[in-house]
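Spelled out from the first residue to the last, the chains are:
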Amino acid sequence: MEMKNNDIWNIFCKVLSHQTMILAVNSSFVDPLEQFDTQLTTAEECFKNVFSMPDLETLKKRQTTPDDIQDIEELYEIILTTFENTLLILVSKDLYKLQLLREMIIWMNRETSYLQERVMNIIGRVLKFSSRKIKGRTSVDAPCMGHLATELAMLCNHDDLSIVVPSSLAIYYLLCIVKYQNEDLCAYMMMELHLPENCSCSAPFENEFVPTMFQRNNAAIAMYVGEYLPPYLLNDFVYGLLKKLCNTPLKTATKAASLLRLVLEDYGSKVTRAALIVDYIRKQLKIKLPNSIRHQLLQTVTLLTRTCPQKVVFQLLDYTFPVDSTVLEMWKAVSSEIDSSPLVLKTILTVLKGKPGQMEANITTLKRFSLGDANMMPVTAAQALCTLLSVPEYKKAAAQFFPQLLIALILQLHYNSEMNLQNVTEQCFAQEALRLLLRSSGLQQVDDDLQKADCWNQFSNVIFHHYGVYVIAKTLSEHNFTQFPETLQYLYKLSLEGPRRTEDSVTTVIFLTELLNNFFKDPFPQEFLALFRTWVNDPNPTVSKLSLQKISSMSVVINKVSNVKELILCIMESFSSKDKTVIIQAMNTLRKLLSGVNKVTYSFLCGRIASSYYLLMDHKTSSIRAMAIRHFGELLQEMNQYTWMLKPIVIKAMVPLILFLEDTEITVVRACKSTLNICAPYFKWQSSALLQDEYYHYELVVLSICNCLFNSYGNYISEIIYATLEFLKSSRSYLRKAAVILVGYLAKLGSYLLLRDEIEVMLKAMEKMLCDQDPSIKRMADFTYMLFREVANEVKDSSLKQRFRRLLSFFQFKNIPLLYSYKGREAFGSFNEIEEHVTEFKGEEPISSKSTTEPSNAT
């Protein structure tokens, strides 16, 4: 008998040996991962020995006597029981070892000659034992339950009923384990966290089930597996079914597809690793598969789109641009799920608002997106829109997001042009998507007109982009597009948001201002005036200039708004911009508004406007200096009936107006002469002919004006002197020279009005000029310093008396010769003509024929 059953005895010995090894490792202090790997290898060898035995009936036929038959039956049962006991011991100490049950099914499926019914019976009994042992525990470490459920669910649809019955029993006990675990966990939470007794988690399972329900019944399996398995286990279950679908015979794959569809239809929302599943499907679609399998995989994408569209969309946008035909095929599968179309478009729109080539902090993704190190998701999103917007249902959904998609795609056109994507693909997906959006929104005629204007072809040029945005907005306005209200509302909301990219702001301003220009002639909406007040001082100079230009073009309408004062004040604030083009545009816009504003508002603001011009008279840019001086004069002309209000600023402005007569730029000089002529009536100056080119002489102009100023406004001498001293610090030599001359005449003519403290300040300021690098300035400073000393020695009256004189504007014209013999940078005419004019002005003989002891001879 031993010879006949030698193979069975050998198996028995091996099983005992394997059991000893497995349990010995289980009791040692080996690393858990290494421990399980060792046990798994040993268990696999033991499994092959046990279940490769001949079936019991075959063994009985070998025997010759009834005793032999009884002995072989007992030995056979002992071998199976020993293997089963080994599993029970392992599981009793660590439920993580339930992973061995899944491996057993995998080993069993590899070799059909194994005793499959026996395998399933053992698995069922081990799970039954585990379901009893788990009751009362608050935590279970059994991560294999999802994958094990996949294997058992497939066996519940086996052709052999003897396999189906124990499989249904096994999956029953598996669900019991999950059920008990959830119930015990909720009870523990109620006890530890003091949750209310009516907490929904305390009785999450209302439906009872029996093992027979799962026999070849995918609907029941999908229902209870989907309901009982937590998301992390359901992920494994779905992923396992997907692998079965792709890697098993067609008949088994069909069963897996049916079960997968049922689970995703009802419980797809619990699947949290949709991105991983989508990525796996893409890899499988790149392999040559039967059409039926490809169809099932694409249907899975559709079902996932229904329950978790955002995860699916983000994963599809993750693929390298330009995407291949497989991804486009998956996008078509996405488009077939019409119920999720709004969410799909909303997710794509979130990505479409980004800039290609840079990472967006507000987009949460699984990993970095790519073309190389760049984020190309926005470009891929535009390509996806080309597929989706051709579907009728998505055309309807796109109507909800028309303004957002319109602006986002216009921006993508600009970014694509910047990146020269034609080097990657000849097709501009943003442009194609934009045209599809227009046509699907009933704006076919708009697209045709833009095509006739060659707008689409020129958009590939970055320089054309701003004009292209204007053309699109204008064309839409001309066709009175029905989406105007929501577009205007969206652009208004967009304008109120925080800091954005430069191009975003510029495009928004162009589009919105063009819509306002075409739709709001009169009255102008107050809400949008607030936007203009924000835009004119935007950190982005392009935004400032565009908004100022639009204000200028719409000044007739804007002037009728009640709170136009606030807008004018904001424009004046932009005078401090670092961008000279913004300042120039701001001044032009202000003049355009002032030309139509009512006198009440103008008179209220004229003082502040004049002060703003005064600050720009010393700007480093000559064109701004000239414009500020010229506009200052125009303001005085327009407000000549308010001379009493403007006198202080006019007197203060006389200093730069006099000094910049010596400017190196002829435009500034001419602006000064023109404005001085306008200012002449304010201080009763009647010698403006001195500013004519043929008679111009800088010192003579200074002497004449100073005499008139002191005659009318002697009480302003301090302000005039201190303003002049500030220009001694200028980096421009002609200003320092002109300032030295002016302050010299101020001291000489107003000596009887000066206070000692003021003279001390003047001396300290001039002392610094004694070391000037320009020799001519240094010589003039030496003379002026000595002049200040003489004035200081002459001051004998008390400060009170001096102040009283100022108060009464007590002054007489002083008949003094020219101090510096400086003709000026633009001394036109012969010297004799100048002398004659000087004599005529002073009422005496020419300087050359007269002797004097004045300090001018010392020079």
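All of these numbers come straight from a predicted model, not from anything done at the bench.

*Asks:* I'd like a description of the overall build of the protein, backed by residues and values.
*Replies:* A tally of regular secondary structure across the protein gives 41 helices and 0 strands. Across the 859 residues in the protein, those meeting the buried criterion constitute 55%. Put simply, 75% of the contacts in the protein that link residues at least 6 apart link residues at least 24 apart. Carbon and sulfur atoms make up 52% of the accessible area of the protein, which amounts to about 38,400 Å² in all.

*Asks:* Quick one: what's the story with unusual backbone geometry, residue by residue and with numbers?
*Replies:* With the exception of glycine, most residues fall at negative phi, and the peptide bonds are largely trans. If you check the backbone angles, arginine 216 has positive phi at about 50 degrees while not being a glycine. Within the secondary structure, arginine 216 is located in the loop between helix 8 (161–193) and helix 9 (218–228). Given the relative accessible area of 44%, arginine 216 is considered partly exposed.

*Asks:* Account for empty space enclosed by the protein, with residues named and values stated.
*Replies:* Using a probe with the size of a water molecule, rolled over the atoms, empty space left in the structure can be pinpointed. Inspection of every chain in the model, using the stated rule, returns 3 cavities of 30 Å³ or more. Of the voids in this model, the second largest cavity is the one considered here, and its volume is about 50 Å³. Around the second largest cavity sit Gln19, Ile22, Ala43, Cys46, Phe83, Thr86, Leu87 and Leu90, which together line it. Elements with a minimum of two residues in the lining of the second largest cavity: helix 1 (6–26), helix 2 (32–51) and helix 4 (66–93). By residue class, the composition of the lining of the second largest cavity is 6 nonpolar, 2 polar and no charged.

*Asks:* Describe the packing of aromatic side chains, and please don't skip the residues or the numbers.
*Replies:* Taken as a whole, this structure holds 18 aromatic pairs when the rule is applied. Judged by centre distance (5.4 Å) and plane angle (55 degrees), the rings of phenylalanine 47 and tryptophan 107 are tilted. Taken as a pair, phenylalanine 47 in helix 2 and tryptophan 107 in helix 5 (residues 99–110) lie far apart in primary sequence, 60 residues in all. For the residue pair phenylalanine 47 and tryptophan 107, the accessibility class agrees, reading buried in each case. Ring plane angle 70 degrees and centroid distance 5.5 Å describe the contact between phenylalanine 464 and tyrosine 467, whose orientation is recorded as edge-to-face.

*Asks:* Give me the lowdown on helix 5, citing residues and values where you can.
*Replies:* Every α-helical turn comprises 3.6 residues, leaving residues that sit three or four positions apart pointing alike. For helix 5, built from 12 residues, the straight-helix expectation of 16 Å at 1.5 Å per residue is met to within 8% by its first-to-last C-alpha distance of 17 Å. Among the 12 residues of helix 5, 9 are classified as buried, and the element is accordingly described as predominantly covered. Buried within helix 5 we find Gln99, Leu100, Leu101, Arg102, Glu103, Met104, Ile105, Trp107 and Met108. Taken together, the buried residues of helix 5 touch helix 2, helix 4, helix 6 (116–134) and helix 7 (145–155).

*Asks:* I'd like to hear about the environment of leucine 437, residue by residue, with values.
*Replies:* If you trace the backbone, leucine 437 turns up in helix 20 (residues 429–440). On a C-alpha basis, the gap between leucine 437 and alanine 398 in space is 7.6 Å, while along the polypeptide they are 39 residues apart. If sequence neighbours within four positions are ignored, leucine 437 has contacts with Leu389, Ala398, Phe402, Leu405, Leu406 and Leu409.

*Asks:* Hey, could you go over the pattern of salt bridges for me, with residue numbers and the actual values?
*Replies:* Within this structure, the stated rule accounts for 24 salt bridges. For glutamate 514, the salt bridge identified is with lysine 550, shortest N-O distance 3.1 Å. Highlighted residues: glutamate 514 in helix 25 (residues 502–519) and lysine 550 in helix 27 (residues 541–553), separated in sequence by 36 residues. We classify glutamate 514 as buried; its relative accessible area is 2%.

*Asks:* Would you mind going over the packing of helix 11 (residues 250–267) against helix 13 (residues 291–307) in detail, with residue names and values included?
*Replies:* Helix 13 packs onto helix 11 with a crossing angle of 10 degrees between their chain directions and a minimal axis gap of 10 Å. The orientation of helix 11 relative to helix 13 falls into the category roughly parallel. Of the residues in helix 13, those touching helix 11 at Leu250, Ala253, Ala257, Leu260, Arg261, Leu264 and Glu265 are Ser292, Ile293, Gln296, Gln299, Thr300, Leu303, Leu304, Arg306 and Thr307. Its residues assigned to classes, the contact of helix 11 with helix 13 shows 8 nonpolar, 5 polar and 3 charged.

*Asks:* Which residues make up the nonpolar core, and what are the values?
*Replies:* Counting 305 residues, the largest nonpolar core has Leu127, Phe511, Phe632 and Tyr698 as the members making the most contacts within it. Considering each element in turn, this core owes the most residues, 12 residues, to helix 37 (residues 733–749). With residues up to four places along the chain from it excluded, the contact list for phenylalanine 632 reads Ala610, Tyr613, Met617, Ile649, Val650, Ala653, Leu657, Thr675 and Cys679.

*Asks:* Explain the environment of leucine 264 to me, using residue names and the numbers behind them.
*Replies:* Position of leucine 264 among the secondary structure elements: in helix 11. C-alpha separation for the pair leucine 264 and leucine 304, spaced 40 residues apart in sequence, amounts to 7.0 Å. The contacts of leucine 264, once residues within four sequence positions are left out, are Val238, Val271, Thr300, Leu303, Leu304 and Thr307.

*Asks:* Please give an account of helix 29 (residues 564–573) that cites residues and values.
*Replies:* Burial of helix 29 is extensive: 7 of the 10 residues sit out of reach of the surface. Among all positions of helix 29, only Val564, Leu567, Ile568, Leu569, Cys570, Ile571 and Met572 are buried.

*Asks:* Which residues make up the environment of methionine 645, and what are the values?
*Replies:* Mapped onto the fold, methionine 645 is located in helix 33 (residues 643–659). Classification of methionine 645 by relative accessible area gives partly exposed; the value is 28%. Contacts of methionine 645, omitting those with residues within four sequence positions, involve Ser603 and Cys606.

*Asks:* Give me the confidence of the model for the protein: which residues, what numbers.
*Replies:* Do not read the fine detail of predicted coordinates wherever pLDDT is low. Here the protein averages 82 in pLDDT, while 85% of its residues score no lower than 70. Within the model, pLDDT remains below 50 along residues 184–207, and this stretch shows 27 contacts once partners closer than five positions in the same chain are excluded. Below a pLDDT of 50 lies the segment residues 805–811, which in the model reaches 23 contacts outside its immediate sequence neighbourhood of four places, other chains included.

*Asks:* Explain the packing of helix 37 against helix 39 (residues 775–794) to me, using residue names and the numbers behind them.
*Replies:* Packed helix pairs are characterised by how far apart their axes lie and by the angle those axes make with each other. Direction vectors running N to C along helix 37 and helix 39 enclose 20 degrees, while the axes themselves pass 10 Å from each other. The orientation of helix 37 relative to helix 39 falls into the category roughly parallel. Read as a crossing pair, helix 37 and helix 39 show a hand that is left-handed. Contact residues: helix 37 offers Ser733, Arg736, Lys737, Val740, Ile741, Val743, Gly744, Ala747 and Lys748, while helix 39 offers Ser776, Ile777, Met780, Ala781, Thr784, Leu787, Phe788 and Val791. Across the contact of helix 37 with helix 39, the residue classes tally to 10 nonpolar, 4 polar and 3 charged.

*Asks:* Requested: an account of the side chain of arginine 102, with residues and values cited.
*Replies:* With respect to the helices and strands, arginine 102 occurs in helix 5. Ignoring any residue separated from it by four or fewer positions in sequence, one finds arginine 102 in contact with His147, Leu148 and Glu151.

*Asks:* Would you mind going over the side chain of threonine 380 in detail, with residue names and values included?
*Replies:* Within the fold, threonine 380 resides in helix 17 (residues 377–388). Here threonine 380 falls in the buried class, since its relative accessible area comes to 1%. Setting aside its immediate chain neighbours within four residues, threonine 380 contacts Leu316, Leu317, Tyr319, Phe321 and Val323.

Rules used in this analysis
Residue numbers restart at each chain and count upward from 1, following the sequence in its written direction. The predicted origin of the model limits local features to residues at a pLDDT of at least 70 and limits the giving and counting of side-chain atom pairs to 80 or more, whereas totals for whole chains, interfaces and linings rest on all residues. Each side-chain value is worked out from all heavy atoms of the structure, with water and hydrogens disregarded. In DSSP terms, a helix is any run of H or I states spanning at least four residues, a strand is any run of E spanning at least two, and both are numbered starting from the N terminus. Burial status follows relative accessibility: with a 1.4 Å probe on protein chains alone, a residue under 20% of its type maximum counts as buried, one over 50% as exposed, and anything between as partly exposed. Any pair of residues with heavy atoms lying within 4.5 Å of one another is described as a contacting pair. Only the protein chains shown count as cover for residues, and all accessible areas are computed by the Shrake-Rupley method using a 1.4 Å probe. A cavity here means a set of 1 Å grid points, computed over protein atoms only, where a 1.4 Å probe fits but cannot escape. A pocket is an open set with protein on both sides within 12 Å along at least 5 of 7 lines, and lining residues have an atom within 4 Å of a point. Grid points are joined across faces, edges and corners, and a volume is the space filled by probe spheres set on the points. By the convention adopted, Pro, Cys, Tyr, Trp, Phe, Met, Ile, Leu, Val and Ala count as nonpolar, Lys, Arg, Asp and Glu as charged, and the other residues, Gly among them, as polar. Stacked, tilted and edge-to-face pairs are distinguished by plane angle, under 30 degrees for stacked and over 60 for edge-to-face with tilted covering the rest, among Phe, Tyr and Trp rings (Trp via its six-membered ring) whose centres lie within 6.5 Å. Each helix should span, by expectation, one fewer than its residue count multiplied by 1.5 Å. A pair is scored as a salt bridge if a Lys or Arg side-chain nitrogen falls within 4 Å of a carboxyl oxygen belonging to Asp or Glu. Helix axes are fitted to C-alpha atoms over the stretch in contact, other axes to C-alpha atoms as well, and angles between N-to-C directions run from 0 to 180 degrees. Roughly parallel here means an angle under 35 degrees, roughly antiparallel means over 145, roughly perpendicular means 65 to 115, and every remaining angle is called oblique. Note on terminology: a nonpolar core comprises buried Ala, Val, Leu, Ile, Met, Phe, Trp, Tyr and Cys residues joined through side-chain atoms within 4.5 Å. For every residue, the predictor assigns a confidence score, pLDDT, that lies between 0 and 100. Whether a crossing is left-handed or right-handed is set by the direction in which the near helix is turned from the far one by less than a right angle, anticlockwise for left-handed and clockwise for right-handed.

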